[in-house]
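The residues making up each chain are set out below.
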Amino acid sequence: MTVELVHGFAGTPHIDANDIASFNTGIVGGGDYVLNTKEMLKANMSNANTFVLASGDLLMQGRHVTFTSSTSATVVSGAQGVKRNDLAVCRYSRASNGVETAELKIIQGAATQGTPADPGYQKGRIIEGATVADMPLYRIPISGITPGTPIPLYNRIPSMWDSVTHMRTGRKTLTSEGTDSLRLFDQPQFTAIAGRSFDPARDFVAVMLSNRADSSTTSAIACDYVPGVKWLTVRMNKPTNKGALIDISYLIVLGR
């Protein structure tokens, strides 16, 4: 069959893991991501030999893996005078009978007196038939016999609900002062729209021209933040005619 209604009643079971993985991949991409659920897979070392991963969910090349509660794994003790990097990974496996599983696994690195390197891990492509693949979650640095704080290695993707509720869109007519810069918002105006003041370290504003009323205008290049006066301005590719009315569409993305 070359055409299949996957999300539909077929009379017999017809949806398999590859169908679901393809659907997930089409929405969020084919990479590896930790989702914004439960405790978001936070990690710690409960003692020198125990790595603990909190509950959470991840997408691994489209495969959804859930950790319903905290999960622990054993870390081999270090040795005096040397350093080592271990990796905590989520390992995907497919057995000869087709059964797929996932587990938390610690990959031990090589001890050295110099700068330790991360150990190798399985980089198989599941969609291409790999039977084993690893998603690195944390690096565990070990100096002597003392393990350090686990360092996250994953990309985290926010939920669609968070993405939508942290966006604002609109359109505004600005009056040109004859330069290549147009004042879009001062801080009170931004706060009235976004619910809080603009944070240049977290927030992003995209702009585009909505009209061609001024024949000297070709495009809006970017939105700039002016720290001294706390303005957001639209940078044009050339000065606009003084007094011209310029319509600007904007997209505000609020960081978390």
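Note that this is a predicted model, so its numbers are computed, not measured.

**Q** What exactly am I supposed to notice about the pattern of salt bridges here?
**A** Side chains that differ in charge, positive against negative, can pair when their charged atoms come close. In this structure the tally under the stated criterion is nine salt bridges. One salt bridge in this structure joins D86 and R84, with 2.8 Å as the shortest N-O distance. For the pair shown, D86 and R84 are each scored as buried. The closest approach of N and O atoms between D224 and R235, which form a salt bridge, is 2.8 Å. In this pair, D224 is assigned in strand β16 (residues 220–226) and R235 in strand β17 (residues 231–236), connecting sequence segments eleven residues apart. Looking at D224, the relative accessible area reads 24%, which means it is partly exposed.

**Q** Mind showing me how you'd approach the side chain of Q187 here?
**A** Among the structural elements, Q187 can be located in helix α3 (residues 187–194). Residue classification places Q187 among the buried residues on the basis of a relative accessible area of 15%. Setting aside chain neighbours within four positions, we find Q187 in contact with S197, F198, Y225 and K230.

**Q** Explain unusual backbone geometry here, please?
**A** In terms of backbone geometry, most residues other than glycine have negative phi values and most peptide bonds are trans. In the Ramachandran plot, L41 falls in the positive-phi region, its phi being about 55° despite a non-glycine side chain. Topologically, L41 is positioned in the loop between β1 (32–35) and β2 (43–47). The exposure class assigned to L41 is buried, which follows from its relative accessible area of 0%. Although it is not a glycine, Q61 sits at a positive phi angle of roughly 55°.

**Q** Would you take a moment to explain α3 for this structure?
**A** For an α-helix the count is 3.6 residues per turn, leaving residues at separations of three or four pointing the same way. Listed in full, the buried residues belonging to α3 are Q187, F190 and A194. Buried residues of α3, viewed axially, fall in a sector of 65°; they line one side. For α3, the exposed residues lying more than 90 degrees away from the buried face are P188 and A192. Elements in contact with the buried residues of α3: β13 (167–175), β14 (181–185), β15 (204–209), β16, β17 and β18 (245–253). Downstream of α3 by a residue or two, G195 has a phi angle that is positive, lying close to 90°.

The rules behind each value
Residues numbered from 1 in each chain as written. Predicted model: local features only at pLDDT ≥ 70, side-chain atom pairs only at ≥ 80, totals over all residues. Heavy atoms only, no water. Salt bridge = Lys/Arg side-chain N within 4 Å of Asp/Glu carboxyl O. Buried < 20%, exposed > 50% of the residue type's maximum accessible area, 1.4 Å probe, protein only. Helix = DSSP H or I, 4+ residues; strand = E, 2+ residues; numbered from the N terminus. Contact = heavy atoms within 4.5 Å. Arc of directions from axis to C-beta.

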